[in-house]
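# Structural overview for review
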Amino acid sequence: MKKFLEDFKKFALRGNVLDMAVGVIIGGAFTGIVTALTANFINPLLSMIMTGTPGVDANGVAWTAGAAVSAFLTTVINFIITAFVLFCLIRGMNKLMSIGKKPAAPAAPTTKKCPYCCSEIPIEATRCGHCTSELK
Ligand SMILES: [Zn+2]
């Protein structure tokens, strides 16, 4: 049961939590754009086709092109600002994360070159496995 819970924890935390949060926020902001497009342009267009008048906008006021465009632009600008702020935030976070990390040290060599036949042999070898020369 303990192993099962550990596996579940690994599974749940596998993805980057930050990436997921960004996805949710961007998704929410994008939903706003789609909603604004529907409420300001598609619904009035359908109403126009069905009844001959564009009907009322999202605020219950008679639809006008200027109000619809401005409401839609507000949502788009809102989305752009949200995305830009998130971008700056993530950039800052990535910089912070990279400050603590040191570049990985190169791995210690485990092989050496035989001076007689130039083959790769284990570093602790006292006799070459390829040319059988004795090494000091
Ligand atoms: Zn050799």
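Every chain begins its residue count from 1, and numbering advances along the sequence as written. Owing to the predicted nature of the model, reporting of local features is limited to residues with pLDDT of at least 70; listing and counting of side-chain atom pairs is limited to 80 or more, with chain, interface and lining totals taken over all residues. With hydrogens and water set aside, each side-chain value is computed from the structure's full complement of heavy atoms.

### Focus: the overall build of the protein chain
Only runs of H or I of at least four residues qualify as helices and only runs of E of at least two qualify as strands under DSSP, and these elements are numbered from the N terminus. Broken down by element type, the protein chain carries 3 helices and 2 strands. Starting at the N terminus and ending at the C terminus, the protein chain contains elements arranged as α-α-α-β-β. Computation of the radius of gyration draws on C-alpha atoms, with the globule rule given as 2.2 Å multiplied by the number of residues to the power 0.38. Since a compact globule built from 136 residues should have a radius of gyration of about 14 Å, the 32 Å found for the protein chain marks it as more spread out than a globular shape. Projecting the C-alpha coordinates of the protein chain onto the three principal axes gives extents of approximately 100 × 40 × 30 Å. The 136 residues of the protein chain split such that 13% are buried. Two residues qualify as a contact provided that any one of their heavy atoms is within 4.5 Å of a heavy atom in the partner residue. Nonlocal contacts in the protein chain, meaning residues at least 24 apart in sequence, comprise 31% of its contacts between residues at least 6 apart. By element, 70% of the accessible surface of the protein chain is carried by carbon and sulfur atoms, the whole surface being about 10,900 Å². Lys and Arg are tallied as positive, Asp and Glu as negative. Neither His nor the chain termini are counted. The location of each charge is read from NZ of Lys, CZ of Arg, CG of Asp or CD of Glu. For the protein chain, the centre of its 13 positive side-chain charges and the centre of its 7 negative side-chain charges are spaced 6 Å apart. Relative accessible area decides the class of each residue, using a 1.4 Å probe on protein chains only: under 20% of the type maximum gives buried, over 50% gives exposed, and in between gives partly exposed. For the area figures, the Shrake-Rupley method with a 1.4 Å probe applies, and any residue is considered shielded solely by the protein chains shown.

### Brief notes about the packing of aromatic side chains
Centres within 6.5 Å are what make two rings of Phe, Tyr or Trp a pair, Trp counting through its six-membered ring; a difference in plane orientation under 30 degrees is then read as stacked, over 60 as edge-to-face, and the rest as tilted. Within this structure, the stated rule accounts for 2 aromatic pairs. Consider the rings of Phe30 and Phe79, whose centres lie 5.9 Å apart with planes at 65°: the pair is edge-to-face. Of this pair, Phe30 sits in helix H2 (residues 17–51) while Phe79 sits in helix H3 (residues 65–100), and the two are 49 residues apart along the sequence. For the pair Phe41 and Phe72, a centre-to-centre distance of 5.6 Å together with 80° between the ring planes defines the contact as edge-to-face.

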